[in-house]
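Structure assessment
Letter by letter, the chains look like this.
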Amino acid sequence: MSEALVAEFCAWLGLERRAGGLTVETYARDVRAFLAHMAESVGAEAGLSTLGALSAADVRAFLAKAAAKGDVNATRARKLSAVKTFYRFLKVRHGVAGVALDLIARPRPKRPLPKALSEAQAREVVAGIGEVSEVAATQARDEALMLLLYGAGLRIAEALGLDVGDLPASDDALRVTGKGGRTRLVPLLPIVRRGIAAWLRHHPCARADEPLFTGVRGGRLNAGVAQKQLRDYRRLRGLPEHTTPHALRHSFATHLLAGGADLRSIQELLGHGALSTTQRYTDVETSQLMAVWRRAHPRA
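Summary of the structure given here. Small disclaimer: the values here were computed from a predicted structure and weren't measured.

What counts, and at which threshold
- Residues numbered from 1 in each chain as written.
- Predicted model: local features only at pLDDT ≥ 70, side-chain atom pairs only at ≥ 80, totals over all residues.
- Heavy atoms only, no water.
- Helix = DSSP H or I, 4+ residues; strand = E, 2+ residues; numbered from the N terminus.
- Buried < 20%, exposed > 50% of the residue type's maximum accessible area, 1.4 Å probe, protein only.
- Areas by Shrake-Rupley, 256 points an atom, 1.4 Å probe, with all protein chains shown as cover.
- Phe/Tyr/Trp six-rings, centres within 6.5 Å; stacked < 30°, edge-to-face > 60°.
- Pairing = 2+ DSSP bridges.
- Salt bridge = Lys/Arg side-chain N within 4 Å of Asp/Glu carboxyl O.
- Axes fitted to C-alpha atoms, helices over the stretch in contact; angles between N-to-C directions.
- Parallel < 35°, antiparallel > 145°, perpendicular 65-115°, else oblique.
- Left-handed = near helix turned anticlockwise from the far one by under 90°.
- Contact = heavy atoms within 4.5 Å.
- Nonpolar A, V, L, I, M, F, W, Y, C, P; charged D, E, K, R; others polar.
- 1 Å grid on protein atoms, 1.4 Å probe; cavity = no way out; pocket = protein on both sides within 12 Å on 5 of 7 lines; lining within 4 Å.
- Points joined across faces, edges and corners; volume = space filled by probe spheres on them.

The subject of this paragraph is the overall build of the chain. The helix and strand inventory of the chain stands at 14 helices and two strands. The proportion of buried residues among the 300 residues of the chain is 41%. Accessible surface for the chain amounts to roughly 16100 Å². Of this, 53% is attributable to carbon and sulfur atoms.

This is how it looks when you write it as structure tokens:
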């Protein structure tokens, strides 16, 4: 009965729902796994009457078993989708009322961890980015920009949106306007101030209302140009593919956390609206510690 039901489901999925071949194949595999689990649970083949009598707890048990086997959230979310579609088919074709599947929360895929550079790699970028160009002004500009991204944790759009007049007086913090129009104050390290001062000596028109970072024609520097400069440098030096302007911001946060900074302070410096966003960096720290442990511990 089970295999015939799966074949009928596949035909319905392809003809009536116009699902692609890969979707049909994947859903069929997931439904077979679900039916096998249910047959094992009830001690007999999962026929229509059995399927109609199942509860939401039975489906949760199937998903829990998948998690125990190592399925990530995204995989379990797909399996739940397959089961829901299967029960839709059962209702349409066989009048099986089915399980209260709407009561089951869809597993949320985990957000990828921020990819930070090592401290040595970050230092290499801010010290060596000028090697990409032979023009002294471009070298000074790129060094100042990378120093600002790593030294103050700015987003590339935030840095490129600054005007010369936004620069603070000596010892004052930089006022940055970020996502959602939220403003924050970010202190500037002496090395960042020196880098910006070196660039301003090459600036084509350093009036207060002019863009802080300019392109070759004097207008505001385009983010794509800055990204290309760093892309060319990472290839020149064999740095990881995730060596991007945003990785410097991630590195700023990760290295602060490793140095003992508290999450609330890092949240303020980054301009995150929610602490949960900043807490992702603790996962980075944990994963790095585990990697060190696996490499170094004799029993790992």
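Our next topic: the packing of aromatic side chains. Within this structure, the stated rule accounts for eight aromatic pairs. Taken together, a centroid distance of 5.3 Å and an interplanar angle of 90° make the contact between Phe9 and Phe86 edge-to-face. On the criterion of sequence distance, the pair formed by Phe9 in helix α1 (residues 2-15) and Phe86 in helix α5 (residues 73-94) is long-range, its members being 77 residues apart. Neither residue differs from the other here; Phe9 and Phe86 are each classed as buried.

Time to look at the pairing of strand β2 (residues 183-186). Residues Arg184 and Val186 of β2 are buried on one face, while the alternating residues Thr183 and Leu185, pointing to the opposite face, are not. Two strands pair when backbone bridges link them, and strand β1 (residues 174-177) and β2 are joined in this way by four bridges, in the antiparallel orientation. Directly across from Arg175, in β2, lies its bridge partner Leu185. In this structure, the hairpin formed by β1 and β2 is closed by a connection of five residues, where Gly180 is found at a positive phi of approximately 70°.

Attention now moves to the pattern of salt bridges. Scanning the entire structure with this criterion turns up 15 salt bridges. A salt bridge links Arg32 to Glu3, with the nearest nitrogen and oxygen atoms 2.9 Å apart. Pair noted here: Arg32 is in helix α2 (residues 21-42) and Glu3 is in helix α1, with a separation of 29 residues, a long-range link. Here Arg234 ties to Glu241 by a salt bridge, and the two come within 3.2 Å at their closest N and O atoms. For Arg234, a relative accessible area of 8% puts it in the buried group. The structure contains a network of salt bridges with shared partners spanning Arg155, Glu158 and Arg184.

Bringing the packing of helix α11 (residues 245-258) against helix α12 (residues 263-270) into the picture now. The interhelical angle for the contact between α11 and α12, taken along N-to-C directions, is 160°, at an axis separation of 10 Å. By the criterion of interaxial angle, the relationship of α11 to α12 is roughly antiparallel. The way α11 lies across α12 gives a crossing that is right-handed. Contacts from Arg249, Phe252, Ala253, Leu256 and Leu257 in α11 reach Leu263, Ile266, Leu269 and Leu270 in α12. Each residue belonging to the contact of α11 with α12 can be placed in one class, and the counts come to eight nonpolar, no polar and one charged.

This next bit is on the layout of surface pockets. Roughly 320 Å³ of internal volume is contained in the largest pocket. Tyr150, Gly151, Leu189, Phe252 and Leu256 are, among the 15 residues lining the largest pocket, the residues nearest its centre. Only α6 (119-128), α7 (136-152), α9 (190-200) and α11 provide two or more residues apiece to the lining of the largest pocket. Broken down by element, the lining of the largest pocket gets its largest block of residues, four residues, from α11. Grouping the constituent residues of the lining of the largest pocket by class yields 10 nonpolar, three polar and two charged.

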